[in-house]
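# Reading the structure
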Amino acid sequence: QVQFAESGGGLVQPGGSLRLSCAASGITFSMYAMGWYRQAPGKQREFVARIDTGGLTVYGDSVKGRFTISRDNAKNMVYLEMNSLKPEDTAVYFCNADLYKLARFQNWGQGTQVTVSS
């Protein structure tokens, strides 16, 4: 069964940084592009970033230049380094295998809450 487990969220002041982690299981991790998504209160889940099997990355317009996605195939992990955080980055963050900016699997983890506030 495909499972994703996100961690690393928290409360941070504007301009601060966080590093999110996602552990994937039930898939041959190295064969899948991976993505991060987020859902703010009252809004639909949106694409944040993806990294393909070759390491090529794509970012949503609102996070370009501030967030960096990476992966470790040996550990079945994907990461999201978030810098220069803004209040509008506040959301629950999720990972999933990515089918070009869309989640590939219906299984979602519990997500990790990121709150940017002074």
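Residues numbered from 1 in each chain as written. Predicted model: local features only at pLDDT ≥ 70, side-chain atom pairs only at ≥ 80, totals over all residues. Heavy atoms only, no water.

Once that is clear, we can look at the overall build of the protein. Per the secondary structure count, the protein includes 0 helices and 10 strands. Listing each helix as α and each strand as β along the protein from the N terminus yields β-β-β-β-β-β-β-β-β-β. Its C-alpha atoms give the protein a radius of gyration of 13 Å, near enough to 13 Å, the size a compact globule of 118 residues would have. Counting only C-alpha atoms and orienting by the principal axes, one finds that the protein spans roughly 40 × 25 × 20 Å. When burial is assessed residue by residue, the protein has 43% of its 118 residues classed as buried. The long-range share in the protein, meaning contacts at least 24 apart out of those at least 6 apart in sequence, stands at 55%. Counting every atom, the protein has about 6,200 Å² of accessible surface; 47% of that belongs to carbon and sulfur. Both charge centroids of the protein, one from 12 positive and one from 9 negative side chains, sit 2 Å from each other. (Helix = DSSP H or I, 4+ residues; strand = E, 2+ residues; numbered from the N terminus. Rg over C-alpha atoms; globule rule 2.2 N^0.38 Å. Buried < 20%, exposed > 50% of the residue type's maximum accessible area, 1.4 Å probe, protein only. Contact = heavy atoms within 4.5 Å. Areas by Shrake-Rupley, 256 points an atom, 1.4 Å probe, with all protein chains shown as cover. Lys, Arg positive; Asp, Glu negative; His and termini not counted. Charge placed at Lys NZ, Arg CZ, Asp CG, Glu CD.)

Using the criterion set out here, one finds 5 aromatic pairs in the structure. A ring pair is formed by Tyr 37 and Phe 47, whose centres lie 6.3 Å apart and whose planes are at 70°; its orientation type is edge-to-face. Taken as a pair, Tyr 37 in strand S4 (residues 34–39) and Phe 47 in strand S5 (residues 46–51) lie far apart in primary sequence, 10 residues in all. Here Phe 94 and Trp 108 contribute two aromatic rings whose centre-to-centre distance is 5.7 Å and whose plane-to-plane angle is 80°, an arrangement assigned as edge-to-face. You can see Phe 94 sitting in strand S9 (residues 91–97) and its partner Trp 108 sitting in the loop between S9 and strand S10 (112–116), a full 14 residues away along the chain. A relative accessible area of 30% places Trp 108 in the partly exposed class. (Phe/Tyr/Trp six-rings, centres within 6.5 Å; stacked < 30°, edge-to-face > 60°.)

Ordered in space as S2-S10-S9-S4-S5-S6, the 6 strands form an open sheet in which the pairing is mixed. Both outer strands of the open sheet, strand S2 (10–12) and strand S6 (57–59), are each paired with one neighbouring strand and no more. This sheet shows a mean twist of 25° between the axes of neighbouring strands, independent of strand direction. Pairing of S2 with S10, which is carried by 3 bridges, proceeds in the parallel orientation. Residue pairing across strands places Gly 10 opposite Val 114, the latter belonging to S10. (Pairing = 2+ DSSP bridges. Axes fitted to C-alpha atoms, helices over the stretch in contact; angles between N-to-C directions.)

Of all hydrophobic cores here, the largest spans 29 residues; its most connected members are Phe 4, Met 34, Trp 36, Val 78, Leu 80, Met 82 and Tyr 93. In contact with Phe 4, other than residues within four places in its own chain, are Cys 22, Ala 23, Ala 24, Ile 27, Met 34, Cys 95, Asn 96, Ala 97, Phe 105, Asn 107 and Gly 109. (Core = buried A, V, L, I, M, F, W, Y, C linked by side-chain atoms within 4.5 Å.)

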